[in-house]
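# Topology and contacts: notes
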Amino acid sequence: MDRPIAKKPVYYKYRYHIIGGILFLLLCIYVGILSSGGRKLRTNMENLLIGEAVAGKFLEYVDVEGVVQPILTIRVNTRESGSVERIVSEDGTMLRRGDTILVLSNPELLRQIEDQQDEWEKQRISYEEKSIEMEQKSINLQQLMLQATYDLNRLEKSFELDKEEYKMGVKSRAQLEVQEDEFAFKAKNTELQLQGLKHDSAMAVIRKELMKNDLERERKKYEHTRERLEELVVKAPIAGQLSFVRVTPGQQVASGEAVGEIKVLDQFKIHAAMSEYYVDRITTGLPATISWQSMKYPLRITKVVPEVKDRTFDIDLVFTNEVPETVRIGKNFRVQVELGQPEDALVIPRGDFFQVTGGQWIYKLNAAGNRAVKVPINIGWQNPLQYEIISGLQPGDRIIVTGYNTFGNADELILN
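Residues numbered from 1 in each chain as written. Predicted model: local features only at pLDDT ≥ 70, side-chain atom pairs only at ≥ 80, totals over all residues. Heavy atoms only, no water.

## With respect to the side chain of Gln116
- Mapped onto the secondary structure, Gln116 falls in helix α3 (residues 107-168).
- Exposure remark for Gln116: the relative accessible area of 16% places this residue in the buried category. (Helix = DSSP H or I, 4+ residues; strand = E, 2+ residues; numbered from the N terminus. Buried < 20%, exposed > 50% of the residue type's maximum accessible area, 1.4 Å probe, protein only.)

Structure follows, in structure tokens:
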């Protein structure tokens, strides 16, 4: 006996379509929820670096690499031209001031010295001869002045005698007038003669002084030429280490040519190159420090070269107190150049988020620490370890500072 077959519901035939529709509807609802709440991304918390916003002292400084250099480098120049006869001091020699570095030879200078010596000898002999002549002439002038004075005195006495004879009636009035005219003429003539003799005597003194000055100039010229001979010996102008000598025996060098360098080693400086970003903020006198073997050594900027090359500019710093025992020329140190005084601020650790977000936003964790959402922030100054937060965070807020290259555009992170 046949059993009747129960008729299946209508929807049974379309059950797969109905299940697919329900799943599609659920997917649309899920996408809608995600769209309304922002894009979410699951990530492993172990791969992230979590930092915390902390209220404390913030010091803005720049961390640069500096190289130790001598405090002063002196170029050694020749003062006379010549050929290198002998090199006395080699590269690396420690010199005291006045030590000989090299010796030059200059036959032409030797001839000039001999000629100058001959000229000075001629001038000296000529001066001696003319001095004797002028001395003799001076004696003759004095004799003439003495004779003229004597004659004038005799004439005056004779005229006084004529006046007495006139009073006594021995001589007439006409004879007295003749004697008076003669006395007046000879007195005037003697006076003029005495003035001429005095003038000649004064001129003789002036000529002798001029001759003496000429002789002195010749002597100084000769001594100066002799001093040039000493300049053929090139000496150290200051104590230090001879870093190099750039000439060879027999080489011809010109006057004023650089032949070597001396490094002053009683003090050191640190030379560093800084980014052009800080060119308007770096000035002489700013403090800095280096850390070496758990010790900090203070420095001070003494020179700023504002010219920018390859997007950097140069500075020099000197130690203001103790110097590390291991300091050597050419040794590198990390230098922290301080750009201000420590100030109270809200700070967070540095991380790669700044390169991705431009410092405009950051992921902040919730209280449970299982989610992080984007929050806008405003960053102020920075140093190699920290950023100063102007707004957007509060003390104690935890933030994600690394891994931003893998987050894409997620608005929220779900932390596993």
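## With respect to the packing of aromatic side chains
- Tallied over the full model, the rule gives eleven aromatic pairs.
- Centre to centre, the rings of Trp361 and Tyr404 are 5.9 Å apart; their planes meet at 50°, and the pair counts as tilted. Of the two residues, Trp361 is situated in strand β17 (residues 361-365) and Tyr404 in the loop between β21 (398-400) and β22 (412-415); the sequence distance between them amounts to 43 residues.
- Between the aromatic rings of Tyr363 and Phe407, the centroid separation amounts to 5.4 Å while the plane-to-plane angle is 85°, which identifies the pairing as edge-to-face. You can see Tyr363 sitting in strand β17 and its partner Phe407 sitting in the loop between β21 and β22, a full 44 residues away along the chain. (Phe/Tyr/Trp six-rings, centres within 6.5 Å; stacked < 30°, edge-to-face > 60°.)

## Quick notes on the sheet that holds strand β1 (residues 40-43)
- With respect to topology, six strands assemble into an open sheet ordered β1-β22-β18-β17-β21-β2, the strand pairing being mixed. The open sheet is flanked by β1 and β2 (50-52), the only strands paired with a single partner. Direction aside, neighbouring strands of the sheet carry axes that sit 35° apart on average.
- Summarising the sheet, β2 and β21 pair through three bridges and their orientation is antiparallel. Bridging across to β21, Glu52 finds its partner in Arg398. (Pairing = 2+ DSSP bridges. Axes fitted to C-alpha atoms, helices over the stretch in contact; angles between N-to-C directions.)

## Brief notes about the sheet that holds strand β20 (residues 386-391)
- Judged by pairing direction, the sheet is antiparallel, and its four strands sit side by side in the order β3-β16-β20-β19 without closing on themselves. For this open sheet the edge positions go to β3 (54-58) and β19 (378-382), each flanked by a neighbour on one side alone. Geometrically, the sheet is characterised by an average inter-axis angle of 55° between neighbouring strands, direction not taken into account.
- Of the pairings in the sheet, the one linking β19 to β20 comprises three bridges and is antiparallel in character. Bridged to Asn378 within β20 is Ser391.

## A closer look at the environment of Glu216
- One can find Glu216 in helix α4 (residues 173-230).
- With 63 residues separating them along the chain, Glu216 and Val279 place their C-alpha atoms 58 Å apart.

## Some points on the pairing of strand β5 (residues 82-87)
- Bridge analysis of β5 against strand β10 (residues 252-253) gives two bridges, and the strand direction is antiparallel. Bridge pairing links Gly82 to Val253 in β10.
- Alignment of β5 against strand β7 (residues 100-105), held across four bridges, turns out to be antiparallel. Note on β7: the bridge partner recorded for Ile87 is Leu102.

## A look at unusual backbone geometry
- Even without being glycine, Ser294 reaches a positive phi, approximately 65°.
- Even without being a glycine, Asp310 presents a positive backbone phi close to 55°.

## Looking at the environment of Glu182
- Among the secondary structure elements, Glu182 is positioned in helix α4.
- The exposure class assigned to Glu182 is partly exposed, which follows from its relative accessible area of 32%.
- In this structure the C-alpha to C-alpha distance between Glu182 and Glu156, which are 26 residues apart in sequence, comes to 10 Å.

## Here we look at the pattern of salt bridges
- Under the definition given, this model contains 14 salt bridges.
- Between Asp344 and Lys57 there is a salt bridge, with its nearest N and O atoms 3.0 Å apart. With a gap of 287 residues between them, Asp344 in strand β16 (residues 343-349) and Lys57 in strand β3 connect regions that are remote in the sequence. Neither residue differs from the other here; Asp344 and Lys57 are each classed as exposed.
- Across the pair Arg96 and Asp99 runs a salt bridge, and its minimum N-O distance is 3.9 Å.
- Relative accessible area serves as the criterion here: at 62%, Arg96 is assigned to the exposed category.
- Taking relative accessible area as the criterion, Asp99 reaches 22% and is therefore assigned partly exposed. (Salt bridge = Lys/Arg side-chain N within 4 Å of Asp/Glu carboxyl O.)

Just geometry here; none of it tells us what the structure is for.
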